[in-house]
Amino acid sequence: MSSNSISGSPELESLTRPFLASSPSLRSVTNSTSQVAIVGANVCPIESLDYEIAENDFFKQDWRSRGKIQIFQYVFMKWLLCFLIGVIVSLIGFANNLAVENLAGVKFVVTSNMMLASRFGMAFLVFSVSNLALTLFASLITAFISPAAAGSGIPEVKAYLNGVDAPGILSLRTLIVKIIGSISAVSSSLLAGNAGPMVHTGACVASLLGQGGSKKYGLTWKWLRLFRNDRDRRDLVTCGAAAGIAAAFRAPVGGVLFALEEMASWWRSALLWRSFFTTAIVAIVLRAFTDFCLSGKCGLFGTGGLIMFNAYSESITYHLIDLPLVLALGIIGGILGSLYNFLLDRVLRIYNFINEKGIAYKIFLACSISMFTSCLLFGLPWLASCQPCPSDTSEACPTIGRSGNYKKFQCPNNHYNDLASLIFNTNDDAIRNLFSRDNDFEFQYSSVLIFFVTCFFLSIFSYGIVAPAGLLIPVIVTGASYGRFVGMLIGKRSSLDHGLYAVLGAASFLGGSMRMTVSLCVIILELTNNLLLLPLIMIVLLISKTVADAFNGNIYDLIMKAKGFPYLETHAEPYMRQLTVADVVTGPLQLFQGIEKVGNVVHVLRTTRHNGFPVIDEPPLSTSPDLYGLILRAHLIELLKKKVFLPSPVPQGSGVLKQFSAGDFAKRGSGNVDNIEDLEFTEEEMEMFLDLHPFTNASPYTVVETMSLAKALILFREVGLRHLLIIPKIASRSPIVGILTRHDFMPEHILGLHPLLVRSRWKRLRIKLPRFLTSR
């Protein structure tokens, strides 16, 4: 998003300084845009996306000239791209799970064989070194190739769908690093998941297909270049995000609802159908590959990964006496979820001070977390006592050389280590063990409690390192462990199985941390194949979300604020009702005449980084100064490139439209934006004129200067605007007062202009403003 496009001079340094971009060296950097955020490790200017259709003369002529064949091609290609997104994302999801199961499986098999031979020291060495090597590899490729691939990726995609365009978050380089890095990080026994990275992966695939490939790497497809605009790409990225969740959990309906509830800021029925079609393709492809692997042709993959956590029981019953226990689970989940978010926010702040010192410190931090994790995972099972194998189990006991419920670890024959069954496994297998039914006496109280505390803190410490790592799976396994512990405490006083309590615990912790309800409910149902739990899961999610909302925001919103993304919330702050749109606009206003001198256009473009400029007509083109519309920076640069200049300031007419094609004004891919600095003009050309009328959006959104800021925010967000023009209430004045952009709705900007509002708002939220904001 460009800064407030109403200043003729270079813009002021951003008022927004996220804590992830708060190093002293960065504070001195003069930025020409209104927002600065950290994406991965790079501080970069934040731009907005042009979701609004520029209804100029060229656009109208282009649509009038389209025949039925072109319209059919447009619709057909959109469905074809949804099909391709579903196929590609499902293949990536399957390959991801296949690689994790085999990499982690080989590591556990080799370690277990050494444990059987009583070579415990060598077993620890192999376990820790392999984990360190995998973590180091993931950190190196992330830090040096694509820092934007670090973390979950869900906050970045959510911000993009809100209209925030941060460089590099959906590039081909980020896609490759996200896939390889998440496989390596999850296989390294870090408490990290691949669900978040799969959402980011799906969004990257959709974005690259929508822009026709990557011109930078020579991967382009001309027949896919029908959607080179932000509006169509937004729809495709939404479908990609839904496909990512569907591929991670094999939950097609849950993927659609996740995109609707958590990711997308704008939704319509056509998008619902396309995203549903995309996730259906994902489910079909995954089912085919999973059935193929069940024949034993995929190495160690086959009983893990994409297989559902089957917690189904035909005999499940629950009564009114169980409801207080379920409500208590929801309350506990809300409290724990809000505490989890609070601690994660604080840990990210600490990590920032380490990461800002350089790449070497980032790598060292990641390796330190890996070594600490390996020591815990290998050492904690020694605290648990060995349990005799049950006589009525249908599985092999003890489990040797593969995943299972009864890990032998250091125990003698016919005994198993219940804590090792949870810790010395992949996260998917740990969840499966906790969800398993009809084995209420498998785990000891101390083992489940130790596992819960370990997962709670390790998942916090593992997130934020320079590697692709998600939060959904760690939150599920943490919630399942405390749910299982509650079920064990209750014992026979409840008719519910301990495995079902683990399912409810996972739901409550997800609701307390992620703050979603409908999508999480469906995802859990699709994961567990247990529709009978629906009422209980609904109650748990509602209670946990309600309790947690009283303390802080959801985890992804906190991360977005940490990264500095100017995300527009669905609601307006109360103080915005006290302000009008004119109260947050700063000047002076930069305008273009309908027929403007080339030299003036070039000077303004070179001295500012504004994205949109108002165009006005004055006599003799109009009887009085009138607002004609808004023209975009990219369109101005295209006009200058074509050099459609006039020797005198007279209207050019519609004939100039024949010199352009729709592709000239299409949105370029990442890193392919034209710069005004690359264009050169002679002195004679600088004295010539440009007729801006045919290329100016003659119907921009406008509001009167007395409209409340809260009302303008709702309009700005729901329509998906980048610019909102402010017109005067009295017609005799100038035809325009200013322009509202995303920056003008940010609390830091508003409270910087009106410091008297600081005390009431920030005292309530217990947030202290930076000193330079309160001293203006």
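Conventions used here
Residues numbered from 1 in each chain as written. Predicted model: local features only at pLDDT ≥ 70, side-chain atom pairs only at ≥ 80, totals over all residues. Heavy atoms only, no water. Phe/Tyr/Trp six-rings, centres within 6.5 Å; stacked < 30°, edge-to-face > 60°. Helix = DSSP H or I, 4+ residues; strand = E, 2+ residues; numbered from the N terminus. Buried < 20%, exposed > 50% of the residue type's maximum accessible area, 1.4 Å probe, protein only. 1 Å grid on protein atoms, 1.4 Å probe; cavity = no way out; pocket = protein on both sides within 12 Å on 5 of 7 lines; lining within 4 Å. Points joined across faces, edges and corners; volume = space filled by probe spheres on them. Patch = residues over 30% accessible without salt bridge, like charges linked within 9 Å, V, L, I, M, F, W, Y side chains within 5 Å. Areas by Shrake-Rupley, 256 points an atom, 1.4 Å probe, with all protein chains shown as cover. Salt bridge = Lys/Arg side-chain N within 4 Å of Asp/Glu carboxyl O. Pairing = 2+ DSSP bridges. Axes fitted to C-alpha atoms, helices over the stretch in contact; angles between N-to-C directions. Contact = heavy atoms within 4.5 Å.

A. A look at the packing of aromatic side chains. Taken as a whole and assessed by the stated rule, the structure comprises 25 aromatic pairs. Centroid distance Tyr340 to Phe456: 5.5 Å. Interplanar angle 75 degrees. Geometry classified as edge-to-face. On the criterion of sequence distance, the pair formed by Tyr340 in helix α11 (residues 323-355) and Phe456 in helix α15 (residues 445-462) is long-range, its members being 116 residues apart. By the burial criterion, Tyr340 is buried, and Phe456 matches it. A centroid spacing of 6.0 Å and a plane angle of 55 degrees characterise the contact between Phe452 and Phe456, whose relative ring orientation is tilted.

B. Molecular detail of empty space enclosed by the protein. Applying the stated criterion across every chain yields a total of five cavities of 30 Å³ or more. There is about 320 Å³ of room inside the largest cavity. Lining the largest cavity are 29 residues; nearest its centre among them are Leu190, Asn425, Thr426, Asn427 and Asp428. Taken together, the elements giving at least two residues each to the lining of the largest cavity come down to α3 (68-116), α6 (172-187), α12 (359-379), α13 (418-423), α14 (427-435), α15 and α16 (472-490). Per-element tally for the lining of the largest cavity: the top contributor is α3, with six residues. Taken as a whole, the second largest cavity encloses approximately 110 Å³ of empty space. Surrounding the second largest cavity, Leu49, Asp50, Tyr51, Glu52, Ala54, Leu630, Leu632, Asn697, Leu721, Arg722 and His723 form its lining.

C. Representation of a nonpolar patch on the surface in the model. Nonpolar side chains collect at one region of the surface, where Leu136, Leu140, Phe144, Ile145 and Ile359 lie side by side and expose about 410 Å² of accessible area between them. The residue Ile145 is located in the loop between α4 (120-144) and α5 (154-162) in this model.

D. View of the side chain of Asn96. Mapped onto the elements, Asn96 comes out in helix α3. Overall, the relative accessible area of 2% leaves Asn96 in the buried class.

E. Molecular detail of the sheet that holds strand β15 (residues 724-727). Overall, mixed pairing links the three strands, which are arranged β14-β15-β16 in an open sheet. The sheet is open, and its two borders are formed by β14 (702-704) and β16 (738-740), each paired with just one other strand. Within this sheet the neighbouring strands show an average axis-to-axis angle of 35 degrees, counted without direction. When β15 meets β16, the two strands line up antiparallel, connected through three bridges. Paired with Ile726 across the strands is Gly738, a residue of β16. The sheet contacts of helix α24 (residues 709-719) involve β14, β15 and β16, and relative to β15 the element is tilted by about 145 degrees.

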